[in-house]
Amino acid sequence: FVFVLESLKTFFPKSNVFELALFPVLALLPCAMLPSVKSLAPVSALANLAIMFGYVACLSFELHDVQDHSHRMPLMRWQGFPIFFGITMSSFEGI
């Protein structure tokens, strides 16, 4: 909750903390009132799709227009790609 408020503070610097705390509360309060968690499945599926889109967008941005950079210092090693993929997939567990 604190991280959300800090992020909102960067977008709305003239607002006070109480006003900024109202946004997440209004978004999360209806979710807390649901009698069954089953009804949150579509929301979770949309969140998973949004995260997957973000990872694919970042990866495609990094791999777009790849040229021969053997003379430069490498930004990543392909041996570390499975670790990146594992971290990406484990982030889905937090949703």
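Please refer to the structure placed before this passage.
Summarised in this report is the structure supplied together with it.

1. Quick word on helix H3 (residues 41–63)
The end-to-end C-alpha separation of H3 is 33 Å, in line with the 33 Å expected for 23 residues at 1.5 Å each. Remark: Asp-65 follows H3 within two positions and exhibits a positive phi of approximately 55°.

2. Points about helix H2 (residues 17–32)
Spanning 16 residues, H2 covers 22 Å between terminal C-alpha atoms, matching the ideal 22 Å at 1.5 Å per step. The largest bend along H2 measures about 30° and falls at Val-25. Along H2, the positions that sit buried rather than exposed are Leu-20, Ala-21 and Pro-24.

3. Quick look at the environment of Thr-88
Among the structural elements, Thr-88 can be located in helix H4 (residues 81–91). Here the alpha-carbon distance between Thr-88 and Met-52, two residues 36 residues apart in the chain, equals 8.6 Å.

4. Quick look at the side chain of Ser-15
With respect to the secondary-structure elements, Ser-15 resides in the loop between helix H1 (2–11) and H2. What makes Ser-15 buried here is its relative accessible area of 19%. Look past the residues within four positions of Ser-15 in its chain and what remains in contact with it is Lys-9 and Leu-20.

Cut-offs applied
- Residues numbered from 1 in each chain as written.
- Predicted model: local features only at pLDDT ≥ 70, side-chain atom pairs only at ≥ 80, totals over all residues.
- Heavy atoms only, no water.
- Helix = DSSP H or I, 4+ residues; strand = E, 2+ residues; numbered from the N terminus.
- Expected span 1.5 Å × (residues − 1).
- Bend = angle between axes of the 7 residues up to and from the residue.
- Buried < 20%, exposed > 50% of the residue type's maximum accessible area, 1.4 Å probe, protein only.
- Contact = heavy atoms within 4.5 Å.

Limitation: the analysis is restricted to geometry and does not speak to function.
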